Amino acid sequence: MAPPPVVLTTDFGLSDPYAGVMKGVVLSINPAATLIDLTHDIQPQNIRQGSFVLAASHRFFPPNSIHVVVVDPGVGTDRMAVLLVTPNASFLAPDNGLLSGVLSDYLDTPPLNTERVSLPPNLTAYHLTNSEYWLHPVSNTFHGRDIFAPVAAHLSIGVTPDELGRPTQDLAWQPSPAPKQEANSLIGEVVYTDHYGNLVTNIPVRELGDGANITVGIKGRKIYGLSRTFQSTGNDNEDGLLALDGSLGYLEIAVRNGSAALLLHAEAGETVQVSQNSV
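In this text, all values refer to a predicted model and were calculated from it rather than measured experimentally. Each chain carries its own residue numbering, running from 1 in the written order of its sequence. Local features are withheld for residues below a pLDDT of 70 in this predicted model, meaning they are given only at 70 or higher, and side-chain atom pairs are given and counted only at 80 or more; totals for whole chains, interfaces and linings count all residues. To obtain the side-chain values, all non-hydrogen atoms of the structure were included, while hydrogens and water were left out.

*Asks:* Could you give me a rundown of the overall build of the protein, with the residues and numbers involved?
*Replies:* The secondary structure listing takes helices from DSSP runs of H or I that are at least 4 residues long and strands from runs of E that are at least 2 residues long, numbered from the N terminus. A tally of helices and strands in the protein yields five helices and 17 strands. Throughout, radius of gyration means the C-alpha value; the globule benchmark is 2.2 Å times the number of residues raised to the power 0.38. Relative to the globule expectation of 19 Å for 279 residues, the C-alpha radius of gyration of the protein, 20 Å, shows essentially globular dimensions. Seen through its principal axes, the protein has C-alpha atoms that stretch 65 × 40 × 35 Å. Whether two residues are in contact is decided by their heavy atoms: any pair within 4.5 Å suffices. A separation of at least 24 residues holds for 66% of the contacts in the protein among residues at least 6 apart in sequence. Taken as a whole, the protein presents about 13,400 Å² of accessible surface, with 49% of it coming from carbon and sulfur. As used throughout, the charge tally considers Lys and Arg to be positive and Asp and Glu to be negative, leaving His and the chain termini uncounted. Working definition for charges: the position is that of NZ of Lys, CZ of Arg, CG of Asp or CD of Glu. When the 14 basic and 27 acidic side-chain charges of the protein are each reduced to a single mean position, those positions are 4 Å apart. Accessible areas in this description were obtained via Shrake-Rupley with a 1.4 Å probe; residue shielding takes into account the shown protein chains only.

Here's what the structure looks like:
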């Protein structure tokens, strides 16, 4: 049976050797490993963005996939390196809130104001303390290479989670901000900008009904109704600005054959307001 795939999500980019070196470490331990890049373009140090992208994407991978998630501004400090095991997959990450989006799928009521969250009964987590499965010496600035990649490789060849460290009952909690209801409007924000300049928001499209009678506001601009495709022409502005149901299930703001990020000079954190029109 083929080993489970190892899926990499980082803020390393591709102009430096870091992502490639992590792959080399995995393959040195398990030459039969299947490696998949989810993305290496998380905005540097943007933990909430990494959490959002991982939460929206991990369910599309085969059962028992091993996710290595490294957005780690606290690398080398006393923050824990952890393994989270869910019924569907395993996640290796710094314990800094990166796994909040995954955790929220298993919590009946995600907490609002807390720095850590207790694990529900169907999840287990481990503080990675067994250095037998690390590379040595361990760099203070590259735990992706020296801890997370080798641990992922060992998991892929059958090392059990309890061999990697000691159990922990809670994990750091830093979820992406949820949209807020104000009168007849839903107030959200841009979470990240994709390669095309589309502005991906934290507003689930399922909360917008059929989208026919909404107005989307951003940076003083208004967009009326949801478009079906990037080429729609029915309700968008003359410059091609449109709003649509993105592939991840969240409201996106785009420009036909262009970049909404450039047109609006918008980036992560920009406020987005969705109002229901009177009918």
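Next comes the rest of the description.
*Asks:* Requested: an account of the pattern of salt bridges, with residues and values cited.
*Replies:* Note on definitions: salt bridges are taken to be side-chain nitrogens of Lys or Arg within 4 Å of carboxyl oxygens of Asp or Glu. Applying the stated criterion across every chain yields a total of five salt bridges. Put simply, Asp170 and Arg116 hold a salt bridge, and the shortest N to O gap is 3.1 Å. Within this pair, whereas Asp170 is found in strand 9 (residues 170–172), its partner Arg116 is found in strand 6 (residues 116–118), the two being separated by 54 residues in sequence. Its relative accessible area of 27% is what places Asp170 among the partly exposed residues. Taking the shortest distance from any N to any O, the salt bridge between Arg145 and Asp146 comes out at 2.6 Å. A 1.4 Å probe rolled over the protein chains alone gives each residue an accessible area, and that area as a share of the maximum for its type sets the label: buried under 20%, exposed over 50%, partly exposed in between.

*Asks:* Talk me through the packing of aromatic side chains; I want residue IDs and the actual numbers.
*Replies:* Any pair of Phe, Tyr and Trp rings, taking the six-membered ring for Trp, is counted once the centres come within 6.5 Å. Such a pair is stacked with planes under 30 degrees apart, edge-to-face with planes over 60 apart, and tilted for the rest. Per the stated rule, a full pass over the model turns up five aromatic pairs. Centroid distance Phe12 to Phe142: 5.8 Å. Interplanar angle 85°. Geometry classified as edge-to-face. With Phe12 in the loop between strand 1 (6–10) and helix 1 (18–29) and Phe142 in the loop between strand 7 (124–128) and helix 4 (143–156), this pair connects stretches of sequence that are 130 residues apart. Owing to a relative accessible area of 17%, Phe12 belongs among the buried residues under this scheme. The rings of Phe12, Tyr18 and Phe142 are connected pair by pair, giving a single aromatic cluster.

*Asks:* Got a sec to walk through helix 2 (residues 47–57)? Specific residues and values, please.
*Replies:* Within helix 2, 10 of the 11 residues are buried, leaving the element largely enclosed by the surrounding structure. For helix 2, the set of buried residues is Ile47, Gln49, Gly50, Ser51, Phe52, Val53, Leu54, Ala55, Ala56 and Ser57.

*Asks:* Explain the side chain of Asp146 to me, using residue names and the numbers behind them.
*Replies:* Take Asp146: it is sitting in helix 4. We define a polar contact as two N or O atoms separated by no more than 3.5 Å, with the added condition that, inside protein, one atom must be a possible hydrogen donor and the other a possible acceptor, whereas residues neighbouring each other in sequence contribute only through side-chain atom pairs. A distance of 2.6 Å separates a polar atom in the side chain of Asp146 from a polar atom in the side chain of Arg145.

*Asks:* I'd love a proper account of the nonpolar core, names of residues and values included.
*Replies:* Nonpolar core, defined: a set of buried Ala, Val, Leu, Ile, Met, Phe, Trp, Tyr and Cys residues in which side-chain atoms within 4.5 Å join the residues together. Within the largest apolar cluster, 30 residues are counted, with the highest numbers of intra-cluster contacts made by Leu84, Phe91, Leu99, Leu103, Leu171 and Tyr192. Only helix 2, strand 4 (81–85), strand 5 (89–94), helix 3 (100–104) and strand 11 (185–193) provide two or more residues apiece to this core. The element that contributes the greatest number of residues to this core is helix 2, accounting for five residues. Dropping the residues within four chain positions of it, Leu103 is found in contact with Leu84, Val117, Leu119, Leu123, Leu171, Ala172 and Trp173. With 27 residues, the next largest nonpolar core counts Val26, Ala152, Ala153 and Val159 among its residues.

*Asks:* Describe the sheet that holds strand 1, listing the residues and the values that go with them.
*Replies:* Across the sheet, which stays open at both edges, the seven strands sit in the order 2-1-3-5-4-7-8 with mixed pairing between neighbours. Single-partner strands in this sheet number two, and they are strand 2 (35–39) and strand 8 (165–168). Strand after strand, the sheet turns through a mean of 25° between neighbouring axes, direction not considered. Pairing geometry for strand 1 and strand 3 (residues 65–70), over five bridges, is parallel. Two strands qualify as a pair provided DSSP detects at least 2 bridges between them. Helix axes are fitted only over the stretch in contact, all axes being lines through C-alpha atoms; the angle between N-to-C directions runs from 0 to 180 degrees.

*Asks:* Tell me about the packing of helix 1 against helix 4, and name the residues and values.
*Replies:* Interhelical geometry of helix 1 versus helix 4 gives an angle of 40° and a closest axis separation of 8 Å. Viewed along their axes, helix 1 and helix 4 adopt a mutual orientation that is oblique. Classified by chirality, the crossing of helix 4 by helix 1 is right-handed. Judged by residue contacts, Val21, Met22, Val25, Val26 and Ile29 of helix 1 engage Gly144, Arg145, Ala149, Pro150, Ala153 and His154 from helix 4. Oblique is the label for any angle not covered by the other classes, which are roughly parallel (under 35 degrees), roughly antiparallel (over 145) and roughly perpendicular (65 to 115). Two helices cross in a left-handed way if the nearer one is turned anticlockwise from the farther one by less than a right angle. They cross in a right-handed way if the turn is clockwise.

*Asks:* I'd like a rundown of helix 4, residues and numbers included.
*Replies:* Along its 14 residues, helix 4 runs 18 Å from first to last C-alpha, staying within 8% of the 20 Å computed at 1.5 Å per residue. Summarising burial for helix 4: 13 of the 14 residues are buried, a large majority. Backbone geometry just after helix 4 places Gly158 at a positive phi near 110°. How far a helix is expected to stretch is found by multiplying one less than its residue total by 1.5 Å.

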